[in-house]
Amino acid sequence: MPRPFRLPQHGPLLAGLALTRIIGWGSIYYSPSVLAAYLDRDLGLGPAVVFSGVTILLVTGAALSPALGRHLDQRGTRQAMCVGAVIAAIGLALLSQAQGPVSYLATWFVIGIGHAMQLANTGNVTVAQLMGERTRRVIGLMMLVTGLASSVFWPLTAALAAAYGWRVCLLIFAAIQLFVVLPIHLAIPRYRMKPASETAEPGQVKADEGRVPPSARRATFWLMALSFSASGLVSWGLPLHVIGLMQEAGLSNATAVAIATLSGPATLVARAIDAVAGHRLPVERVALGGLALGPLSCLLMALAPGSAPVAVAFILLFNAAMGVIAVARATLPLALFGRHGFGSMLGRLAVPQNLTFAASPVLFALMIERIGPSGTLYMSAAIQFMALLAMFALVRRLRA
């Protein structure tokens, strides 16, 4: 029977780290959606240039992740996350002074460095180093809270930009990095790598080393990378266009927007269920279930595109699937390869994943233009089915 879930000793710190995730993702990743109109008005930056900043952020993260992952395994995350908060603050301050497309895009390289050093994989490695065997459930809870980032920062960004202007809004976000995020990161304990001989509990060495033997790790890694990169190609690209897809299918703008707003609750509910009950199943089986819902939802929408109830079912199934898969993307490497080298493993996985995520918005825009909404949905189903097959092959290897 699993132990009752408690967060002794590190509970306040984990709550603080959850807050820094909301701040980081909200002020960096979600704010351009609100600031795009201001940037177009003042600097003449169209949507393509505005959102290219996020692409630069992801590519920068992919370039840094392997070396950063090795550093996190050897030295812990405290130093990297503190430096990342300072760099993110500098990047946001520079962004507030942008005068055109060149200076705007250049600052996203700086922001990308800060983002990679304190968010996403770095935060997950911090949890793994703090929480040991409870890492999976804690990461699930942290990602559940992170899902609130858009709900908090979209209205906050809109209010600050309307009241003080977009430049002051970004300066406020930079100050939050220095005066809220940085002190929380400074509270992370200094990391000391313990040899296996110091492990206190029976079975802990096996948990640290993971379930996959060294001889099978290469094939397992590439199956996992293929599955998560393919599913991520759809989850990072399709949602940006989902309102337009529903409108082209015949739904009114008001109806499409109302249905699309169900995506956040669906993701949060799926992550909450996984955080509370997911430990009862191996994480690869949870991922397999989520991956099965993805193509099913896209096929459902493609076969009955003009139906509001079908559109609701699509949004609920698709976002529930993506919520579960996002958690599995962080926790499956831990379950299979263990806590030793967890940062390096996530760093290696970030390369194909981030490059895929960076390409997805443009790719889906081209697909909608060339093959239309229905064709895009069928292609999305095919891509996700490939992800499902890769995960199914991985599950079979683990069973064998």
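All figures in this text were calculated on a predicted structure; none of them were measured in a lab. Numbering of residues starts from 1 in every chain and runs along the sequence as written. Confidence filtering applies because this is a predicted model: local features only for residues at pLDDT of at least 70, side-chain atom pairs given and counted only at 80 or more, and all residues used for totals across whole chains, interfaces and linings. Only hydrogens and water are set aside when side-chain values are computed; all heavy atoms of the structure are taken into account.

### Re a nonpolar patch on the surface
Among the surface-exposed residues, Val 86, Ile 90, Leu 94, Leu 178 and Phe 179 lie close enough to one another that they form a single nonpolar patch of about 460 Å² accessible area. In DSSP terms, a helix is any run of H or I states spanning at least four residues, a strand is any run of E spanning at least two, and both are numbered starting from the N terminus. Elements represented by at least two residues in the nonpolar patch include exactly helix 3 (78-95) and helix 8 (166-186). Among the secondary structure elements, Phe 179 is positioned in helix 8. Exposure above 30% relative accessible area and the absence of a salt bridge qualify a residue for a patch, where like charges join within 9 Å and nonpolar side chains (Val, Leu, Ile, Met, Phe, Trp, Tyr) within 5 Å. Only the protein chains shown count as cover for residues, and all accessible areas are computed by the Shrake-Rupley method using a 1.4 Å probe. Salt-bridge detection follows one rule: a side-chain nitrogen of Lys or Arg within 4 Å of a carboxyl oxygen of Asp or Glu.

### Details of the packing of helix 3 against helix 4 (residues 101-118)
In contact at an axis separation of 7 Å, helix 3 and helix 4 are set at 160 degrees when each is read in the N-to-C sense. Classified by the angle their axes make, helix 3 and helix 4 are roughly antiparallel. Considering the relative orientation of helix 3 and helix 4, their crossing is left-handed. Across from Ala 80, Met 81, Val 83, Gly 84, Ala 85, Ile 87, Ala 88, Gly 91, Leu 92, Leu 94 and Leu 95 in helix 3, the residues of helix 4 making contact are Tyr 104, Thr 107, Trp 108, Val 110, Ile 111, Ile 113, Gly 114, Met 117 and Gln 118. Gly is put with the polar residues, along with every residue not named as nonpolar or charged; the nonpolar set is Ala, Val, Leu, Ile, Met, Phe, Trp, Tyr, Cys and Pro, and the charged set is Asp, Glu, Lys and Arg. By residue class, the composition of the contact of helix 3 with helix 4 is 15 nonpolar, 5 polar and no charged. For helices, the axis comes from a line fit to the C-alpha atoms of the stretch in contact; other axes are also lines fit to C-alpha atoms, and the angle between any two N-to-C directions lies between 0 and 180 degrees. The cut-offs work like this: below 35 degrees is roughly parallel, past 145 is roughly antiparallel, 65 to 115 is roughly perpendicular, and the gaps in between are oblique. Throughout, a crossing is termed right-handed when the near helix is turned clockwise from the far one, and left-handed when it is turned anticlockwise from it by less than a right angle. Only heavy atoms enter the contact rule, under which two residues are in contact if any of them lie within 4.5 Å.

### Quick notes on the environment of Ala 219
With respect to the helices and strands, Ala 219 occurs in helix 10 (residues 217-237). Separated by 178 residues in the primary sequence, Ala 219 and Arg 397 place their C-alpha atoms 9.3 Å from one another.

### Comments concerning the nonpolar core
Counting 50 residues, the largest nonpolar core has Met 224, Leu 238, Met 246, Phe 314 and Met 391 as the members making the most contacts within it. Taken together, the elements giving at least two residues each to this core come down to helix 10, helix 11 (242-248), helix 12 (253-260), helix 14 (283-303), helix 15 (308-337) and helix 16 (342-399). No other element matches the 14 residues that helix 16 contributes to this core. Core analysis: the second largest hydrophobic core is formed by 40 residues, Cys 82, Ala 89, Leu 119 and Phe 173 among them. To form a nonpolar core, buried Ala, Val, Leu, Ile, Met, Phe, Trp, Tyr and Cys residues must be joined to one another through side-chain atoms within 4.5 Å. Think of it in three bands: with a 1.4 Å probe and only protein chains considered, a residue is buried below 20% of the maximum accessible area for its type, exposed above 50%, and partly exposed in between.

### Concerning helix 15
Along an α-helix, residues three or four apart share an orientation, since each turn contains 3.6 residues. To estimate how far a helix should extend, the number of its residues minus one is multiplied by 1.5 Å. A rise of 1.5 Å per residue sets the reference length of helix 15, with its 30 residues, at 44 Å; its end C-alpha atoms lie 43 Å apart and thus fit the reference within 8%. One axis fitted to the seven residues ending at a residue, another fitted to the seven starting there: the angle between these axes is the bend at that residue. At Arg 329, helix 15 is bent by approximately 35 degrees, the largest bend along its length, and proline Pro 333 sits one to four residues beyond. Within helix 15, 23 of the 30 residues are buried, leaving the element largely enclosed by the surrounding structure. Count one or two residues on from helix 15 and you reach Gly 338, which has phi positive near 85 degrees.

### Some thoughts on the confidence of the model for the protein chain
pLDDT expresses how confident the predictor is about each individual residue, on a scale running from 0 to 100. The share of residues in the protein chain with pLDDT of 70 or more is 92%, and the mean pLDDT across the chain is 84. Per-element averaging of pLDDT across the protein chain places helix 9 (residues 204-209) at the bottom with 56 and helix 8 at the top with 96. A low-confidence stretch, residues 1-7 stays under pLDDT 50, and its non-local contacts, those more than four residues away or across chains, total 11 contacts. A low-confidence stretch, residues 196-200 stays under pLDDT 50, and its non-local contacts, those more than four residues away or across chains, total 5 contacts.

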